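Secondary and tertiary structure notes
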Amino acid sequence: MISDDCEHRIEVNNLKHGEIVQHTLLLIKGHIRQLRPLKKCVEQQIHLHVKYNSSLESTPWELEQQSQISRNGQFKLLCDLGQHVPVTGNYRKLPLQLHFCYCNSVLHIEILYECPTNNYLLQALYIKCSNQHTKDEEVRACFDKINLNLRLVQSVYADQLRAAAYGRSTFTLNGDCKVFETQLTCEEVWQLNEESLWQNFAEEILNSSAWGGEDKLKFVAFIGCTKYDAAAIAASGDFSYANIRRNLKGHAALGGGGLALFGAAYLYAWPRYCKDINAYFGSTEKVDPTQLPDDSNYRCTYGGVYATTLGAVVHEIGHTFDLGHTIDGVMGNGFDYINRVFTIDNLTEHLPDRVIERTAHALNVQVAERPRFTQLKRSTNKFLEKYHEQKTSDPFYFTRNCAIILAHNKWFKNCRTNGDVFDLATVETLLKYDPADKCVISGESKHALCLIEVRTVDKSLVKYWYEPSKSDSLIYKFHLPQEAIEALEKDHYLFVLTRSGVAKRLCEPRNC
Ligand SMILES: [Zn+2]
Ligand SMILES: [Zn+2]
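Scope of this entry: the structure provided in the associated data block. This is a predicted model, so every value here is computed, not measured.

What follows is about helix 12 (residues 482-489). For helix 12, every residue scored as buried is listed here: A484, I485, A487 and L488. The buried residues of helix 12 all sit within an arc of 160° when viewed along its axis, so they share a single face. Exposed side chains of helix 12 directed beyond 90 degrees from the buried face belong to Q482 and E489. Its buried side turned inward, helix 12 meets strand 18 (431-434), strand 20 (449-456), strand 21 (462-466) and strand 23 (492-498). D491 sits one or two positions beyond helix 12 and adopts a positive phi of about 55°.

A few words now on the sheet that holds strand 3 (residues 25-34). Pairing is antiparallel in the open sheet, where three strands are placed in the order 1-3-6. Of all strands in the sheet, those bounded by a partner on one side alone are strand 1 (8-12) and strand 6 (74-80). Averaged over all pairs of adjacent strands, the angle between strand axes in this sheet comes to 25°, irrespective of strand direction. Here strand 1 runs beside strand 3; their pairing, made up of five bridges, is antiparallel. When the sheet's bridge partners are listed, R9 is paired in strand 3 with R33. Sitting on the sheet, helix 1 (residues 136-163) is in contact with strand 3 and strand 6, with an inclination near 55° to strand 3.

On to the coordination of the zinc ion (ligand 2). Donor atoms from the polypeptide that bind the zinc ion (ligand 2) are H315 (NE2), H319 (NE2) and H325 (NE2), placed at 2.0 to 2.1 Å. Sequence positions of the residues that donate to the zinc ion (ligand 2) give the spacing H-x3-H-x5-H. Of this pair, H315 sits in helix 7 (residues 302-320) while H325 sits in the loop between helix 7 and helix 8 (339-342), placing them ten residues apart in sequence.

The subject of this paragraph is the pairing of strand 20. Burial within strand 20 is extensive, with eight of its eight residues counted as buried. Where strand 20 and strand 23 come together, seven bridges link them in antiparallel fashion. Counterpart to V454 in the pairing with strand 23 is L494. Inspection of the sheet shows strand 20 paired to strand 21 by four bridges, in the antiparallel sense. Looking across to strand 21, one finds that V454 is bridged to Y464. Between the antiparallel neighbours strand 20 and strand 21 lie five residues, among them S460 with a positive phi of about 55°.

Strands sit in the order 21-20-23-24 across an open sheet of four strands; the sheet is antiparallel. Every interior strand has two partners, whereas the edge strands, strand 21 and strand 24 (503-506), have only one. The average undirected angle you get between the axes of adjacent strands in this sheet is 20°. Against the sheet, helix 10 (residues 400-407) engages strand 20, strand 21 and strand 23, with an angle of about 125° to strand 20. Strands strand 20, strand 21 and strand 23 of the sheet are contacted by helix 12, whose axis makes an angle of about 140° with strand 21.

With that settled, consider the side chain of H408. Turning to its location among the elements, H408 is positioned in the loop between helix 10 and helix 11 (424-430). With sequence-adjacent residues up to four places away left out, H408 is seen in contact with K413, C450, L497, T498, R499 and G501.

All of the protein donors around the zinc ion (ligand 1) are C6 (SG), H8 (NE2), C41 (SG) and C103 (SG); their distances to the metal are 2.1 to 2.3 Å. One can describe the site at the zinc ion (ligand 1) as tetrahedral: its four donor atoms subtend angles covering 104 to 114° at the metal. Look at where the donors of the zinc ion (ligand 1) fall in the sequence and you get C-x1-H-x32-C-x61-C. Of this pair, C41 sits in the loop between strand 3 and strand 4 (45-52) while C103 sits in the loop between strand 7 (93-102) and strand 8 (105-114), and the two are 62 residues apart along the sequence. Residue classification places C103 among the buried positions, given a relative accessible area of 6%.

Criteria and cut-off values
Residues numbered from 1 in each chain as written. Chains lettered and ligands numbered in written order. Predicted model: local features only at pLDDT ≥ 70, side-chain atom pairs only at ≥ 80, totals over all residues. Heavy atoms only, no water. Buried < 20%, exposed > 50% of the residue type's maximum accessible area, 1.4 Å probe, protein only. Helix = DSSP H or I, 4+ residues; strand = E, 2+ residues; numbered from the N terminus. Arc of directions from axis to C-beta. Contact = heavy atoms within 4.5 Å. Pairing = 2+ DSSP bridges. Axes fitted to C-alpha atoms, helices over the stretch in contact; angles between N-to-C directions. Donors = N, O, S within 2.8 Å, 3.2 Å for Na, K, Ca; no water. Tetrahedral: all angles 85-135°; square planar, octahedral: opposite > 155°, others 65-115°.

As structure tokens, then:
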């Protein structure tokens, strides 16, 4: 309904005119400002019309999207460009016209979609056992869910790095999910714990003819035969997370090195189609633990399971890109809250904090780290604290040290700007810790120090971090503050990053 009395302004908060987008799911966040606040407008939706129309291209296309307006005027629109834009191919920019319309106000923005050109890619795999008999239709549904939701994770990374002032930078997917046939039988997979599953599949992938030679690929893999013993749970009457986890076989949520590994059991809570994403996050339907496993950090809803298990994918993929743990944000207590990135009018959620735990196993495959989470019981009620925290900020974000690491990672940089390739020998000798002088040294002028983290050995929890080159002068030698020197004496190590993107662990207890 259009009223002549209305006066509004449409504001888009996370996209500017001329911005380049290299991913196919685009979350647009904005506000409707009421310029005559005394008058209440009856219009409840904003409409977006996206159009691509160029004389150079054969098929023009357009898409329509709507969003509700929240109580304070916020809107969020999720656009799927994937059907329309080329996802691979030569470097070129396609102009997209975005036409927003609310009541009697309009806003026009033009952005540029560009095919990603990074050579470092993330490959999705569906792990299938030699004797696995999942119906074809069920496998197809899994593939669709994995493909859609990894594009969503890709978009989340882009949006988060943009918010951290590093531009709309994200990883690139190497096409769609592919089947990986393991030598193991389902029965063998069900016998193995999370760590052993990770170890086995990492080795199998690295030794396979299809993927073995690929040093520019990291993998996100889903185990197809994850099995939930619902009958055992029903018989026990124990619906705690620990018991649910015990009765979930062939399951993992573990990332590090070149592999993030998950079980497929929770895909039941994931949407298959983009149009359903919002409704799935918002679902308050209760999960019946005598039928399906529940991992929702005690929300016990389909929406909660979707948020926790997708948030875990963002978190574990973060480990494969060298991120350690932080108290807050995606790499800490914040990863359950990914739903809030997409929904409006969010109620306060008070979920139990998580503690980080690492299991110590000898590693044969070279990996950076494989920390993981376990859950704590609900502790003291901090609802008010959470209320204020969530009202003023979004708990789902990368802390600055994490954003710095991602922004300098080869998987996030566009190859047109990261032509430098460093040989392993250079990387090996470049960064050093001088125990006499208590300083970190970079041996070459083009590798100025960019970030130094002090992490705990057991949980890879970042205790202190420093950004030595924040000022304009380039720094090749960084003297550790006293707090860091003391921490290194008791079960901490250093994670050092250069501006050129070289990352290394120093002072690990066994060699320092
Ligand atoms: Zn109006
Ligand atoms: Zn972790």
